[in-house]
Amino acid sequence: MSTAFSLAPLFRHSVGFDRFNDLFESALRNEGGSTYPPYNVEKHGDDQYRIVIAVAGFQEEDLELQVERGVLAVSGGKREKTDDSAVTFLHHGIAQRAFKLSFRLADHIEVKGAALQNGLLNIDLMRVVPEEAKAKRIPINGHRAVLES
């Protein structure tokens, strides 16, 4: 029996955050707490991230991605089928209900693309920090810098 606890729920709805306070804020709000559909948030290198969402049975036209004010919203819903009356399900285990997932993106995280492949929606993200926001090294010139100015 382990007494350690996991911080994984804190990281569930935030991508690219390095600030601990923001993680607690998003965990307290928990934006619905939905676990459908299942998804992974992966880090590939220092500045690359990927969100992988299992969307079995959905087609590209059933899914919508939108970024607004630092929040990536992924939603999906099945289109109306025309001839569903001819099918009788003996077991209906593949969930295809509508969903909406939201992910708060950190500063300078941009969505680079999305692809639907083998029932998985891959959303590629990248941290793009502009030059003016990057740290700058200031040289120390000693007494000469003070005397010359």
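Conventions adopted
Residues numbered from 1 in each chain as written. Predicted model: local features only at pLDDT ≥ 70, side-chain atom pairs only at ≥ 80, totals over all residues. Heavy atoms only, no water. Core = buried A, V, L, I, M, F, W, Y, C linked by side-chain atoms within 4.5 Å. Buried < 20%, exposed > 50% of the residue type's maximum accessible area, 1.4 Å probe, protein only. Helix = DSSP H or I, 4+ residues; strand = E, 2+ residues; numbered from the N terminus. Contact = heavy atoms within 4.5 Å. Pairing = 2+ DSSP bridges. Axes fitted to C-alpha atoms, helices over the stretch in contact; angles between N-to-C directions. pLDDT = per-residue confidence, 0-100.

Asker: Help me understand the nonpolar core in this model?
Answerer: Within soluble globular proteins, side chains that are nonpolar tend to cluster in buried spots. Counting residues in each nonpolar core, the largest one holds 19 residues, and the members touching the most others are Ile 53, Val 74, Phe 99 and Ile 123. Elements that contribute at least two residues to this core include exactly strand E3 (48–54), strand E5 (71–76), strand E6 (99–105) and strand E8 (120–127). Sort the elements by how many residues they give to this core and E6 lands first, with 4 residues. Beyond its immediate chain neighbours, meaning those up to four positions away, Phe 99 contacts Tyr 36, Pro 37, Val 55, Phe 58, Leu 63, Val 74, Ser 75 and Gly 76.

Asker: Is there a simple way to think about the sheet that holds strand E7 (residues 109–117) in this case?
Answerer: The strands making up a sheet associate through hydrogen bonds between their backbones, and the pairing can be parallel or antiparallel. Strand order in this open sheet of 4 strands is E2-E3-E8-E7, and the pairing throughout is antiparallel. Two strands close off the open sheet at either side, each with one partner strand: strand E2 (39–43) and E7. Averaged over all pairs of adjacent strands, the angle between their axes in this sheet comes to 15 degrees, without regard to strand direction. Across 5 bridges, the pairing between E2 and E3 is antiparallel. Note on E3: the bridge partner recorded for Val 41 is Ile 51.

Asker: Quick question: what am I supposed to make of the confidence of the model for the protein chain here?
Answerer: In low-pLDDT regions, the fine details of the predicted coordinates are not to be read closely. Looking at the protein chain as a whole, its pLDDT mean stands at 78, while 67% of the residues score no less than 70. Residue range residues 27–31 is modelled with pLDDT below 50. Its contacts to residues more than four positions away, or to other chains, number 6 contacts.

Asker: It is not clear to me how unusual backbone geometry should be interpreted in this structure. Could you clarify?
Answerer: Note: most peptide bonds trans; most residues except glycine with negative phi. The backbone of Arg 69 sits at a positive phi, close to 50 degrees, despite the residue not being glycine. Its location among the elements puts Arg 69 in the loop between strand E4 (63–68) and E5. The phi angle at Asn 118 is positive, at roughly 55 degrees, despite the residue not being glycine. Here Asn 118 is to be found in the loop between E7 and E8.

Asker: Is there a simple way to explain the pairing of E7 in this structure?
Answerer: Regular strands have side chains that alternate between both faces of the sheet. Bridging between E7 and E8 involves 8 bridges; their strand directions are antiparallel. Bridge pairing in E8 links Glu 110 to Met 126.

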